[in-house]
Amino acid sequence: MKSLKINLEENADLGKLTELLIQIKGIKSVELINHDTDESDLKKAVNKSKEQLKSGDYESFVNDLFETFVNKKS
C-alpha cells in the first residue's frame, strides 16, 4: 500500500478536504493523523507496561493486557 502525506495549515477545513479526497478515483480511505500531540496512546501504554514489569506488578500488567484484548472492537 502506498500513502501520501499532506501538511495542512491550522485553519484547514478537514471535513471538506476528506470529502474531496474520498471522491478521487483510487483513494481507498483518508486517515487524519495529528503528529503534534506529545505522546501517542500506544507509547503511553508501552511505557506503563514497562514500569509495571520493572516494579514487579505482574498482576496489573496481565489485567491491562487482558482488558485490551477483551475490549478490542473489530
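Shown above is the structure to which this text applies.
Residues numbered from 1 in each chain as written. Predicted model: local features only at pLDDT ≥ 70, side-chain atom pairs only at ≥ 80, totals over all residues. Heavy atoms only, no water.

Trainee: Teacher, can you tell me more about the overall build of the protein here?
Mentor: The number of helices and strands found in the protein is 3 helices and 0 strands. Burial statistics for the protein: of 74 residues in total, 3% are counted as buried. Carbon together with sulfur atoms contributes 53% to the accessible area of the protein, which is approximately 7600 Å² in total. (Helix = DSSP H or I, 4+ residues; strand = E, 2+ residues; numbered from the N terminus. Buried < 20%, exposed > 50% of the residue type's maximum accessible area, 1.4 Å probe, protein only. Areas by Shrake-Rupley, 256 points an atom, 1.4 Å probe, with all protein chains shown as cover.)

Trainee: Explain the layout of surface pockets here, please?
Mentor: Rolled over the atoms, a probe as big as a water molecule pinpoints where empty space is left. There is about 1000 Å³ of room inside the largest pocket. Lining the largest pocket are 24 residues, and of these L4, I6, E31, L32 and I33 lie nearest its centre. Considered class by class, the residues forming the lining of the largest pocket number 12 nonpolar, 5 polar and 7 charged. Counted as a void, the second largest pocket has a volume near 190 Å³. (1 Å grid on protein atoms, 1.4 Å probe; cavity = no way out; pocket = protein on both sides within 12 Å on 5 of 7 lines; lining within 4 Å. Points joined across faces, edges and corners; volume = space filled by probe spheres on them. Nonpolar A, V, L, I, M, F, W, Y, C, P; charged D, E, K, R; others polar.)

Trainee: I'm lost on the packing of helix α2 (residues 41–54) against helix α3 (residues 58–70) in this one. Help?
Mentor: For any two helices packed against each other, one specifies the crossing angle of their axes together with the interaxial distance. Contact geometry for α2 and α3: axes closest at 8 Å, N-to-C directions at 150°. Between α2 and α3, the crossing angle belongs to the class labelled roughly antiparallel. Mapping the contact onto sequence places K48, S49, Q52 and L53 in α2 and Y58, S60, F61 and D64 in α3. The residue inventory of the contact of α2 with α3, partitioned by class, reads 3 nonpolar, 3 polar and 2 charged. (Axes fitted to C-alpha atoms, helices over the stretch in contact; angles between N-to-C directions. Parallel < 35°, antiparallel > 145°, perpendicular 65-115°, else oblique. Contact = heavy atoms within 4.5 Å.)

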